[in-house]
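Inside the fold
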Amino acid sequence: MKKFSLVEFSVNHPRLIVFLTIIITFAFMTQFPKVKTDTNPKNMLPKTSDVRVWNDDVERTFGLYEDMIVVGIVNEKGVLNKDTLGKVQRITDEIMKIKGVASRDVNSFPTITNVTAEAGVLRVAPLMTAVPETEEEIKNLQKMLFENPLFINRIISKDGKTTAVYVPLEKGASGKKIADEVRGILKKEKGDEKYYVAGDPVARDTFGIEMFKLMAIFAPIAGGVMLLVRYLMFKDLFLSVTLMMDAMISIVWSMGLLIAFGFPIHIMSSMAPVFLMAIATDSIHIYNEFYFRYKEKKDKKTAIIETMRAVGRPVRYTAMATAAGFGVLLFMQIIPVKVFGAVVAFGTVALRILSFSFIPAMFTFVKEEKISKVSEDEDIAVSRTSQFLRKLAGFGAHKPKITVFAGLLLFAAAIFGLTKITVNNNMVEWFKKDSEVRVADTVMNSALGGTSLGYVVAVANEDDFIKTPEAMRYLEGLQKHLEKLPVVGKTVSAADYVKRINRVLHDDDPKYDAVPDTKEAIGQYLFLFSMSAKQSDLDNVVDPSFRKANIWVQLKTWDARAMMDVINASDEYKKAHPISLELKPAGIAYFNLIWNHEVLWDMLKGFIAALIAVFIILIFNFRSVKWALVGYAPLLFTILLIYGVVGFAGKDFDMPISVLSCLSLGMAVDFAIHFISRFKRKIVESLELRVKSSEEKELQTPDSELITQSLLWTAARPGKGIMRNAVLFASAFSVMLFAPLTPYITVGAFIVSMMLLSAVMTIIYLPALIVLLKGWLFECECSLK
């Protein structure tokens, strides 16, 4: 019984194949209306993760908010004037009306708590109960502001030119939506003031929304460029569209499956269509070989079947390698990483199924005269591209030692560059320098304490320990130590309130700007403060049992490593000043640090596992450890060289770059599999011809001339497909260089350089390695199987 062939079935029943493909695609498309999105990095870690559990506990204990927007108001002439103060009042009032804003805890001039004393009686009231009307009232406000260290660098800059409105958000509120409403309020105000809206929820939610918009814009543009380049390569619009359909169908299937399983589209999974469109370009090898085969056979169906016989094995194994590379991410800890890996792996398998069914079926609809016309240019003897690639391969084949030595020098430089890589993440820097989000963050961080917020929680072993002078002075000393860090702009704790109350109750005498000497006095001050202040003022810095204290740490950067500096400084202080308090970091800045570490290292573990899986697949494909090692060389070289450049350029190793490692792995091994598989096939075919034309009974070990000629043929014919793949891929993703978000620019730049480098490495370096190691690689004819 004849073995079933999907290719032959598809060629014989093309309409059925196309019909079934359309039906399946529509089935997956029915899931799209159910799509959900999630741009919150917090949800990249499971709810049971230590950092989420701890942060949630800290927020409950101290009545804190997960998200905070900072609205900056700048007047170069100074904000302490009647007109600007009136605007601050109006803006604050309007912001407090926005749905999703925790209005009771909005802090600005009109709402922030001010601690004073009158006739020895503590007075706690809002700083600015009404807009000052006279110069005397403005001077009085100025005095209250600059004599209270709680306000300086928090709601007023040292130069008096900047103030801020701190806007906490209710749980689940959209930072982007509220930021847009705030901007609408600010636009109504006229005058000399400049306004800025910053904060983690602004950057995070804005990035999420812009990311999905860009996906909707750049995916079609990239597809259009691919279509144009593909048409320029083959001058066949129908088959050019077929290649794009192949990519789009796999994207619909993959994203439809993702949605059907109820997973939201996260930051990582939103990049899956880009990756699948890139992986789909591997089908260009089928097109490349098809025109050569048709020129030789002059029969469409025969050309299709023989094309798939020639490229079928490398196409299958490149798909296996790519699917395995992404599939290992299923064994990682981070759920969105798992989902991303599963989606791309499934899409890769779908692409290969389509390569053996949909694409052969579509070939049958093309008129033979059109194929004949295109195939005339597919002659390696006259094709300029083939001749150029032949010369490139010739350099490596004829000068293998020089080629390998030059590669080793670059390899050494790349290793040195790797040592300069720093692991970091900063979502604000995912926007361009002139973007509204980044400009706002830069201005606010330079003028005030900082828009990034972290906490250091001091935990005692007994109730009321925080009320002791020892504990309060410890908090005060730790704050001073932390404020020495360049990344720290401001700290606030219960010690600041205690010192302020102590001073104002002693006729504002500066010498009483200190922690009292008795626990009873501290307790009384805190009790008086709690009776008059907003509930959140004290709740935010101590727990009800006074077993825990919370230090607010405002950071001047969203770099994940900034919080690491805070943690290290806290540990240093604790070692130098031993006390029965445990110091624990918390807050959004701490979460970003852990998220950065967990996600990036999870990706790195997945990448290492993928390297191992791909190597095993290479062994199976080539049926040889030796050939697998040779095929591995361009892969490792490309990856090391690219990340060496990352190190030399001073670029942080962040999430976009970590994701690129998976793609670089898939594409580099793709080229190597195609090149070596076709080279070995060509050797076997040449030796078989020798056997037929001579009295030899079996295949012999190939001589140097045959090896060299086969390498040059491989570079000129299958190599043309490799180069077309690289150019098609690179030209499509070059459009990302014009994106407004830096991760897209990074992805675009790296994909362009990676693809071209991988192709050139394959064409030049593999021939050099094969020639240099031919005695080892061709020890027996079994190495050709």
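Conventions we followed
Residues numbered from 1 in each chain as written. Predicted model: local features only at pLDDT ≥ 70, side-chain atom pairs only at ≥ 80, totals over all residues. Heavy atoms only, no water. Helix = DSSP H or I, 4+ residues; strand = E, 2+ residues; numbered from the N terminus. Buried < 20%, exposed > 50% of the residue type's maximum accessible area, 1.4 Å probe, protein only. Contact = heavy atoms within 4.5 Å. Areas by Shrake-Rupley, 256 points an atom, 1.4 Å probe, with all protein chains shown as cover. Lys, Arg positive; Asp, Glu negative; His and termini not counted. Charge placed at Lys NZ, Arg CZ, Asp CG, Glu CD. Patch = residues over 30% accessible without salt bridge, like charges linked within 9 Å, V, L, I, M, F, W, Y side chains within 5 Å. Salt bridge = Lys/Arg side-chain N within 4 Å of Asp/Glu carboxyl O. Core = buried A, V, L, I, M, F, W, Y, C linked by side-chain atoms within 4.5 Å. Pairing = 2+ DSSP bridges. Axes fitted to C-alpha atoms, helices over the stretch in contact; angles between N-to-C directions. Phe/Tyr/Trp six-rings, centres within 6.5 Å; stacked < 30°, edge-to-face > 60°. Polar contact = N/O pair within 3.5 Å; in protein donor to acceptor, adjacent residues only side chain to side chain.

As for the overall build of the chain
For the chain, the count of helices and strands is 29 helices and nine strands. Structurally, the chain occupies a C-alpha span of about 120 × 50 × 50 Å along its principal axes. Counting only residues that meet the buried cut, the chain has 61% of its 785 residues in that class. By sequence separation, contacts in the chain at least 24 residues apart represent 81% of the contacts at least 6 residues apart. Surface summary for the chain: the accessible area is close to 32300 Å², and the carbon and sulfur share equals 60%. Averaging the locations of the 91 positively and 81 negatively charged side chains of the chain gives two centres separated by 9 Å.

Description of a nonpolar patch on the surface
On the surface, L228, Y231, L232, L237, V241 and M245 cluster together into a nonpolar patch covering about 520 Å² of accessible area. Sorting the residues of the nonpolar patch by element identifies α7 (200-234) and α8 (237-260) as the ones contributing at least two each. Counting through the fold element by element, Y231 comes out in helix α7. Classification of Y231 by relative accessible area gives partly exposed; the value is 34%.

Some words on the nonpolar core
F109 and M472 are the most contacted members of the largest nonpolar core, which has 251 residues in total. Considering each element in turn, this core owes the most residues, 17 residues, to helix α28 (residues 742-772). Not counting residues up to four positions away in its chain, the partners in contact with F109 are V79, L80, L85, V88, L127, M128, L145, I155, I156 and T163. Within the second largest apolar cluster, nine residues are counted, among which are V18, I249, A350 and F358.

A closer look at the sheet that holds strand β5 (residues 194-198)
Taken in spatial order, the three strands make up an open sheet running β4-β1-β5, and their pairing is antiparallel. Unpaired on one side and paired on the other, β4 (162-169) and β5 mark the two borders of the sheet. The average angle at which neighbouring strand axes cross in this sheet is 20 degrees, direction not considered. Strands β1 (67-74), β4 and β5 of the sheet are contacted by α7, whose axis makes an angle of about 105 degrees with β1. Those strands touched by helix α17 (residues 436-447) are β1, β4 and β5, and its axis lies near 100 degrees from that of β5.

Regarding the pairing of strand β6 (residues 452-460)
The buried fraction of β6 is high, at nine of nine residues. Residues of β6 alternate between two faces, with S452, G454, V456, A458 and A460 on one and L453, Y455, V457 and V459 on the opposite face, all of them buried. With eight bridges connecting them, β6 and strand β8 (residues 548-555) associate as antiparallel partners. Its bridge partner being in β8, G454 is matched across the sheet by V553.

Some remarks on the packing of aromatic side chains
Applying the stated rule across the entire model yields 17 aromatic pairs. On the basis of an interplanar angle of 55 degrees and a centroid distance of 5.3 Å, the ring pair of Y287 and F363 is categorised as tilted. With Y287 in helix α10 (residues 284-297) and F363 in helix α13 (residues 358-363), this pair connects stretches of sequence that are 76 residues apart. In terms of burial, Y287 and F363 fall into one category: buried. Between F679 and F778, the aromatic rings sit 6.3 Å apart at their centres with planes inclined by 70 degrees, giving edge-to-face as the arrangement.

So, the environment of L757
Of note, L757 is situated in helix α28. When near neighbours in sequence (up to four residues on either side) are disregarded, L757 contacts T638, L641 and I642.

Things to note about unusual backbone geometry
Positive phi, close to 60 degrees, is recorded for D508, a residue that is not glycine. Relative to the helices and strands, D508 resides in the loop between α19 (494-504) and α20 (519-532). Here D508 falls in the partly exposed class, since its relative accessible area comes to 27%. Even without being a glycine, R623 presents a positive backbone phi close to 55 degrees. With relative accessibility at 55%, the residue R623 sits in the exposed group.

Focus on the environment of D463
Structurally, D463 is set in the loop between β6 and α18 (469-482). Along the primary structure D463 and F9 are separated by 454 residues, whereas in three dimensions their C-alpha atoms are 78 Å apart. Apart from the residues lying within four places of it in its own chain, the contact partners of D463 are S545, F546 and R547. Within polar-contact distance, the side chain of D463 engages the side chain of R547 at 3.1 Å.

Details of the sheet that holds strand β9 (residues 581-586)
Pairing within the open sheet is antiparallel, and its four strands lie in the order β7-β8-β6-β9. Edge positions in the sheet fall to β7 (488-492) and β9, since each has one partner strand and no second. Strand after strand, the sheet turns through a mean of 25 degrees between neighbouring axes, direction not considered.

Side note on the pattern of salt bridges
Pairing of side chains with opposite charge becomes possible as their charged atoms draw close. For the coordinates displayed, the defined rule picks out 32 salt bridges. A salt bridge links K176 to D180; the shortest N-O distance between them is 2.6 Å. Remark: D180 and K176 occur in helix α6 (residues 175-187); sequence separation between them is four residues, near one turn of the helix. Classification of D180 as partly exposed rests on a relative accessible area of 35%. What you see here is one network of salt bridges that share partners, running through E289, R293, E306, R678 and R717.

Everything listed here is a matter of coordinates, which is why it stays silent on function.
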